[in-house]
Amino acid sequence: DLVHADFEKGLSNSEKGREGDYTSDQIFRAILILFLEQWSYRQTVVQVDSNMVLQNFVRLGLLPMMDFTFLNKAYCALSESTWTKINEVLNGYALREEKISGEKLRMDSTVYETHIHYPTDSSLLWDSFRTLARLLKELKEAMHAVGLVHRFHGKKVKKLAYFISRNGKSKSKGTQRRVKKTYRTLIDRVRWITGVACRVVQDLAGSLLGGITELEHYLPIVERIIQQAERRVLEGVMLPAGEKVYSLFEEHTELIKRGKAGKPVEFGHKILVAQNGEKYITHYETLPWRREDKELLKGTLEAHKNLF
């Protein structure tokens, strides 16, 4: 029921696209195959389409297999609370059938990395400029209606960011002076387009244009990125890791240092996993902010006691 409610809320009801009306049961079974077999979305679609056993498991009948992009959207539509409830149901089933016991408990943490490029100030500034420029171009007609006409010169700004990325590690003092000067120009261009976007949001406030909502979402993050670059690069201030922005698109990402050989720094979120003697995961938790393992022990023990 929870899965069905998530799909109703998060998936489009459009009649366009590949033919076939899929039930929530069929979609969810396809997602289970995706995780059980550890395949990609595209590979899952290809394998189910060519395997009669998997088709029977998904209960497709005479329907063609769903597209991999649809499968991706379906997975994204499932909420965190739904997955938590599914885990609770599985725990209850395993306990009733006496497949698990509470005699042993082992907990460990790992890091789940967000899908971002390595964050540098120049790359974040370029991400900010190109994203705002794209959204403003989509609102071109509405901007013209209120007298806002601009050219964005994206290629010139891109050259600034690329110059910094190629020469940022140079040991030449002359090159470093040019890099810093280029940073000032890049920051000025991003601040300029931020001002344009703020004016567009103000003049088109109340409209139902989708681009306005996206601009309102990105503008506070872009402002943080600009201030971060000014303080770090121009003023030479060392910012604490918790105050930095590591991605425009995954702004919740945090930097985690765990001292791993070959990977001292990871970008993402810390995840706690607890399992019993049968190596069955009875409890898990995604941490929005990093906490030490010893701080997680009490909550893990409480969850274990509640289950058993």
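Residues numbered from 1 in each chain as written. Predicted model: local features only at pLDDT ≥ 70, side-chain atom pairs only at ≥ 80, totals over all residues. Heavy atoms only, no water.

S.K.: Requested: an account of the overall build of the protein chain, with residues and values cited.
M.R.: Counting its secondary structure elements, the protein chain contains 12 helices and 4 strands. Taking 308 residues into account, the globule formula puts the C-alpha radius of gyration at 19 Å, and the protein chain, at 25 Å, lies well above it. Along the three orthogonal principal directions, the C-alpha set of the protein chain runs to about 70 × 50 × 40 Å. Within the protein chain, the proportion of its 308 residues that are buried is 35%. Accessible surface, the protein chain as shown: approximately 19,700 Å² in total, 52% of it carbon and sulfur. Computed over 48 positive and 39 negative side-chain charges, the separation of the two mean positions in the protein chain equals 12 Å. (Helix = DSSP H or I, 4+ residues; strand = E, 2+ residues; numbered from the N terminus. Rg over C-alpha atoms; globule rule 2.2 N^0.38 Å. Buried < 20%, exposed > 50% of the residue type's maximum accessible area, 1.4 Å probe, protein only. Areas by Shrake-Rupley, 256 points an atom, 1.4 Å probe, with all protein chains shown as cover. Lys, Arg positive; Asp, Glu negative; His and termini not counted. Charge placed at Lys NZ, Arg CZ, Asp CG, Glu CD.)

S.K.: Quick rundown of helix 9 (residues 154–167)? Include the residues and the values.
M.R.: A rise of 1.5 Å per residue sets the reference length of helix 9, with its 14 residues, at 20 Å; its end C-alpha atoms lie 20 Å apart and thus fit the reference within 8%. When we look at burial in helix 9, the residues that qualify are Val157, Leu160, Ala161, Phe163 and Ile164. Looking down the long axis of helix 9, one finds its buried residues gathered within 155° of arc, a one-sided arrangement. With respect to the buried face of helix 9, the exposed residues turned more than 90 degrees away are Lys155, Lys159, Ser165 and Arg166. (Expected span 1.5 Å × (residues − 1). Arc of directions from axis to C-beta.)

S.K.: Which residues make up the pattern of salt bridges, and what values do they have?
M.R.: This model, assessed by the stated rule, comprises 15 salt bridges. For Asp25, the salt bridge is made with Arg59, and the minimal N-O distance between the two is 3.3 Å. With Asp25 in helix 2 (residues 24–36) and Arg59 in the loop between helix 4 (52–58) and helix 5 (68–77), this residue pair connects regions lying 34 residues apart in the sequence. Residue Asp25 is classed as partly exposed on the basis of its relative accessible area, which comes to 34%. As a salt-bridge pair, Asp127 and Arg130 come within 3.1 Å of each other at their nearest N and O atoms. Linking Asp127 with Arg130, this pair stays in helix 7 (residues 121–138), spanning 3 residues, or about one helical turn. Classification of Asp127 by relative accessible area gives buried; the value is 4%. By relative accessible area, Arg130 is classed as partly exposed at 37%. Within the structure, one salt-bridge network assembled from shared partners comprises Asp25, Arg29 and Arg59. (Salt bridge = Lys/Arg side-chain N within 4 Å of Asp/Glu carboxyl O.)

S.K.: Got a sec to walk through the environment of Gln202? Specific residues and values, please.
M.R.: Turning to its location among the elements, Gln202 is positioned in helix 10 (residues 173–203). According to the relative accessible area criterion, Gln202 is exposed, its value standing at 63%. The spacing of Gln202 and Ile212 is 10 residues in sequence and 9.5 Å in space, taken between C-alpha atoms.

S.K.: Just give me the short version of the packing of aromatic side chains, but keep the residues and values in it.
M.R.: Applying the stated criterion across every chain, the model contains 10 aromatic pairs. Between the aromatic rings of Phe28 and Trp83, the centroid separation amounts to 6.0 Å while the plane-to-plane angle is 45°, which identifies the pairing as tilted. Note that Phe28 is positioned in helix 2 and Trp83 in helix 6 (residues 80–96), a separation of 55 residues in sequence. Residue Trp83 is classed as partly exposed on the basis of its relative accessible area of 23%. Look at Phe35 and Trp83: their rings are 6.2 Å apart centre to centre, the planes differ by 65°, and that puts the pair in the edge-to-face class. Taken as a pair, Phe35 in helix 2 and Trp83 in helix 6 lie far apart in primary sequence, 48 residues in all. An aromatic cluster is defined as three or more aromatic residues linked by ring pairs; in this entry it consists of Phe28, Phe35, Tyr75 and Trp83. In this structure, Arg42 is placed above the aromatic ring of Phe68, and the distance from its NZ or CZ to the ring centre is 4.1 Å. (Phe/Tyr/Trp six-rings, centres within 6.5 Å; stacked < 30°, edge-to-face > 60°. Lys NZ or Arg CZ within 6 Å of the ring centre and 35° of its normal.)

Note that all results are geometric; they support no functional claim without further evidence.
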